[in-house]
Amino acid sequence: MTRDTRIQIDKSKQSHRKKIFLSNKLSVVGATIVFVFILIAILGPLLAPIPPDEINYHSILNSPSRAHYFGTDRYGRDLFSRVIYGARTSLSIGFIVVIFSTLLGLAIGTVSGYLGGNIDNFIMRFVDLLMAFPSVIVAMVLATIMGGGIKTLIIAMLVSSWTGTARIARGETLSLKQSGYVTATRGIGGKWSYILFYHILPNVLPPVLVSSTLSFGNVILNTAGLSFIGIGVQPPISEWGLIISEGRQYIVSGQWWLVFFPGLAIMLTVMGLNLLGDGLRDIFDPRQRR
Amino acid sequence: MVKPILSTCKLKKLFPVGRGVWNKPKAYVNALDKVDLDIMGCTTFGLLGESGCGKTTLAQLITRLQEPTSGTIWYKGHDITKMKGRDLRENRIYSQIQIVFQNPAEVLSPRRTIDFLLKEPLKINKVYEKEIEIEQKIEELLDKVNLRPELLTRFPHQLSGGQQQRICIARALSLNPDFIVLDEPTSALDVSVQAKILNLLVELQQKERLTYLLVTHDIRVAEYICTDIAVMYLGEIVEILKAEEFRQNAKHPYSKLLIESANTECEEKDFDLKVLDDPPSPINLPKGCRFQARCPVSIPICSTIHPELKKISDGTKCRCHRVTDN
Amino acid sequence: MNFSRYLLKRVVFMLLVLIGASIVAFILVRVVPGDPARMLLPPQAKQEDVDRVRIKMGLDRPYIKQYLNYLKSLLEGDLGFSYHTGRTVVEEFKLRLPATIELSLLSLGFAALVGVWLGIISAVHKNGLIDHASRLFSIGGISAPGFWIGLLCIYIFYYKLSWVPAPTGRLSLTKEVVAGGSGFLLFDALKNGDWDLFKDAFMHLLLPVLVLSYSFLAMICRLTRAGMIEVSQQDYIKFAKSCGVKTNKIIWKYSLKNGIKPVLTMLGMFLAQLIGGVVFIETVFNWPGIGRYAVDSINFLDYGPIQGFIIFMALIYVLINLAVDLIYMAIDPRIQY
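Conventions we followed
- Residues numbered from 1 in each chain as written.
- Chains lettered and ligands numbered in written order.
- Predicted model: local features only at pLDDT ≥ 70, side-chain atom pairs only at ≥ 80, totals over all residues.
- Heavy atoms only, no water.
- Helix = DSSP H or I, 4+ residues; strand = E, 2+ residues; numbered from the N terminus.
- Buried < 20%, exposed > 50% of the residue type's maximum accessible area, 1.4 Å probe, protein only.
- Contact = heavy atoms within 4.5 Å.
- Areas by Shrake-Rupley, 256 points an atom, 1.4 Å probe, with all protein chains shown as cover.
- Core = buried A, V, L, I, M, F, W, Y, C linked by side-chain atoms within 4.5 Å.
- Domains from an automatic or database assignment.
- Expected span 1.5 Å × (residues − 1).
- Pairing = 2+ DSSP bridges.
- Axes fitted to C-alpha atoms, helices over the stretch in contact; angles between N-to-C directions.
- Disulfide = S-S within 2.5 Å.
- Buried area = accessible area lost by both parts, 1.4 Å probe.
- Salt bridge = Lys/Arg side-chain N within 4 Å of Asp/Glu carboxyl O.
- Polar contact = N/O pair within 3.5 Å; in protein donor to acceptor, adjacent residues only side chain to side chain.

## Observations regarding the overall build of chain A
So, step 1. Secondary structure assignment for chain A yields 11 helices and zero strands.
So, step 2. Here chain A holds 290 residues, and the buried ones make up 55% of them.
So, step 3. Nonlocal contacts in chain A, meaning residues at least 24 apart in sequence, comprise 71% of its contacts between residues at least 6 apart.
So, step 4. A total accessible area of about 12500 Å² is found for chain A, and carbon and sulfur atoms account for 64% of it.

## A word on unusual backbone geometry
So, step 1. Cis peptide bonds are those with omega within 30 degrees of zero, and the linkage from Pro-235 of chain A to Pro-236 of chain A qualifies with 10 degrees.
So, step 2. Structurally, the position occupied by Pro-236 of chain A is in the loop between α9 (192-228) and α10 (240-247).
So, step 3. Even without being a glycine, Arg-64 of chain B presents a positive backbone phi close to 65 degrees.
So, step 4. Phi angles above zero are rare outside glycine, and Asn-286 of chain C is one such case at about 50 degrees.
So, step 5. Residue Asn-286 of chain C is classed as partly exposed on the basis of its relative accessible area of 28%.

## What about the nonpolar core?
So, step 1. Judged by nonpolar contacts, the single largest core of 148 residues is most densely connected at Met-140 and Ile-229 of chain A together with Trp-148 of chain C.
So, step 2. Per-element tally for this core: the top contributor is helix α9 (residues 195-232) of chain C, with 17 residues.
So, step 3. Shared between two domains, this core takes at least three residues from each, and those domains are domain 1 (3-84) and domain 2 (98-298) of chain C.
So, step 4. Beyond its immediate stretch of four places on either side in the chain, Ile-229 of chain A contacts Met-140 of chain A together with Val-279, Phe-280, Thr-283, Val-295 and Asn-299 of chain C.
So, step 5. Ranked by size, the runner-up nonpolar core spans 106 residues in total, among them Ile-180, Leu-214, Ala-222 and Phe-291 of chain B.

## Let's talk about helix α4 (residues 79-115) of chain A
So, step 1. Taking 1.5 Å per residue, 37 residues should reach 54 Å; α4 of chain A reaches 53 Å between its end C-alpha atoms and fits that length.
So, step 2. Looking one or two residues beyond α4 of chain A, the residue adopting positive phi is Gly-116 of chain A, at roughly 65 degrees.

## Notes on the sheet that holds strand β6 (residues 97-100) of chain B
All names here are of chain B.
So, step 1. The sheet built from eight strands is open, its strands ordered β6-β7-β8-β3-β9-β10-β12-β11 with mixed pairing. The sheet is open, and its two edges are formed by β6 and β11 (310-313), each paired on a single side. Strand-to-strand twist in this sheet, taken as the mean axis angle between neighbours without regard to direction, amounts to 25 degrees.
So, step 2. Pairing of strand β3 (residues 44-48) with strand β9 (residues 228-233), which is carried by four bridges, proceeds in the parallel orientation. Looking across to β9, one finds that Leu-48 is bridged to Val-231.
So, step 3. Seen against the sheet, helix α1 (residues 55-62) touches β3, β6, β7 (179-183), β8 (211-216) and β9 and runs at an angle of roughly 150 degrees to β8.

## Describing the state of the cysteines
Residues and elements named next belong to chain C.
So, step 1. By the definition in use, this model includes zero disulfides over all chains.
So, step 2. Counting only cysteine sulfurs, Cys-153 is the nearest neighbor of Cys-221, a cysteine outside any disulfide, at a range of 18 Å.
So, step 3. Of the residues examined, Cys-221 reaches a relative accessible area of 2% and is grouped as buried.

## So, the interface of chain C and chain A
One frequently used descriptor of interface size is the decrease in accessible area upon assembly of the parts.
So, step 1. Residue-level contacts link 48 residues of chain C with 42 residues of chain A.
So, step 2. For the pair chain C and chain A, the two sides together bury roughly 3800 Å², of which 80% comes from carbon and sulfur.
So, step 3. Across the contact surface, chain C and chain A share one salt bridge.
So, step 4. Arg-222 of chain C serves as the salt-bridge partner of Asp-278 of chain A, at 3.2 Å between the closest nitrogen and oxygen.
So, step 5. The interface formed by chain C and chain A holds five residue pairs in polar contact (both at pLDDT 80 or more) in total.
So, step 6. Elements with a minimum of two residues in the side of chain C that touches chain A: α1 (3-31), α6 (129-143), α7 (146-160), α9, α12 (261-284), α13 (290-299) and α14 (303-331) of chain C.

This is the structure we're talking about:
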């Protein structure tokens, strides 16, 4: 980065950043969607008209109506309530995975970049190795060993998602290590732990947060996908992918709502997260603007 | 005889280039080659040379930001070369030897307020116990560098280049150092601001009894505030003399070239040796005199024998076969 | 770094990936519950029979030895044995591989062609109607799960409109795979001049290919657009324009070569995701390929095919990445490894 662009970036401070973010309508839309879904997840029990697992044999496979906004499934369970509860499952799994993978990736990436040398080499080769396996395969292997379920799902996605964060954090740390203020802080006697915490971490954080937001969407997609093929969340928990999998056989006989609504929820959530992530990236890093 | 406050003995720094099998370097850059220096207390010692000659490396070695490959640095009679991070902190070497960098915008972390940045050295070195003492010290420092306390709440990018550099100077002063390395302190600034910063530095030197090591490529800056000037070329010192004698009495052909190009320079910009090629590669050093390839007055011996730094007269040393005493 | 050194480094890394995969596959069977020897035998088998089989299988030897034996059998092309179907994994894979390859190659080709084309159009008409429409289309492709789109397509195009046949796999239930063919149905049907079979296979392929390619198409479109816009601001393009080179020529001859580079960089990643996507699409369309076989094997706890799947996917991944490196090098002569 040349000196001029750096100054330019530095000048984009709080107020300016807010302006960029608001001027990008799509990112505001994204933020709103995400906010709404988080609200739905938190307020789930209040919003759901009927408990999600209440079986009612008098209303099996009803199409969407006043009584059941999204229709009912083969046990007569209310799909609207199930989708609302599905938001809780998906978002909480997503949060857990993203928080832990961000922390893990941040810690390993910054330390690896800061130490450099052979340790850094070794860690990065290991990261490459992990990245060579698609997350679906990792999940399949773990599901075979541990059996399906939320725990397996979370571990599988952690294994395949911290590496991206680690790479970004390492790259940023490597360039920050050369920066003037790190040298200057060493000049006034700062210890490496001090420099890492006060000067490197605050600068590594923004790009890492952007990538975490984007990978949040991926985690939700993967959660749904793995539950769909039967190695993720297990019944009777309400989970979007699982609801689709349960409704799958009815698509060829015309009961579209069993598949449509949970999928729509997935798409909206992921879209919201992607738009939000893109917006954040524009604020923090004009270089990567697409 | 007065002892120097800081001296270096055969200071050498090699940088590895390229990595072969098992991370073994393929070659080395001779950034600094057996440099001997003696800097007296309360003087300003100037290091002059074009970019890439090793002057910044020397500055970073003296402030212990980089490890020398070999050689020793003596500070007030102590060998500080062997000291590692903790020893340096315990013996307060970090506090006593401070550095002001070339580009203040890069030195001040963009995400921190001026207040944080000024307090940082005091807090890291645990100089004071009470917050109020720190506040007082900050006020005093701002006064020293002629800045108003309103700036404290601002971020570095909201300050002008001159103000930023004043903050850097205040940060260096906050630990009450005896020795400050000034690494091109004015070259990133506008010309109008340069003089003000230099005057401030001179003023502070008198008030605080400081010793400066000034690294610069600008002859006028060196002449303006230095007592002694050492000219560097390709990692070694080619000439040392008193600053007031520099323009008239510099003997080394390279020094003369610098003076000449400073004189003919009509616009304000970094001087470059227009008439000549780039300096030879510091990886494959030429045999004999390092300046020989570009030297206008070279003789056959220059390409075979590497000249020593000879004493010409009191306070004057020169590394050239063509220059002898008298 | 010279080329041979770079290649050596890559090959070493690939071997590491493969060894890593083999270790994972080896450990997998050792940590799952259940005794592999007992699984081979009927439930009422006596302990001494089990022990005999254990010794025969080498399960009594130290783990290192067992692993080396496993590695040896892998190198001999033996991927293991499926308890569920009673055939070797290699046989099973041979049976299913053409289905997967047909599906994924067609998808990738379609995604690349249409994605690049759409990306260029969007870049040329930056911020125009087409650009906004294609962006919306891309965002949808990146955000919606493929299996969901697949199911919706089945509902619309099969149930409602009856444009495509029922999702019964590669062919209608009444049709049969050509015996002794290559397994690539389109190709076989053409060779035999069986127009009916070709049509049936094609109609069955249509939805899975389109759905599988959607998300890749979206990503390729976005990357191409970004790349083309960036390149169009470069001086050499401006220079070509100022020299009066025709717009079309500038796009196809000058910009594309550099503008498409981000796509190539990400190609390896796309393919890794394609491997994942295949699993879902094959499940949705009852496609008798490797992905669905892997899912079935997990549900039957049939470890042999899972082991084989891990090794196979690692191999594919490694080969794909090598290919991407070589393509990249061919397109950018500046890269000196």
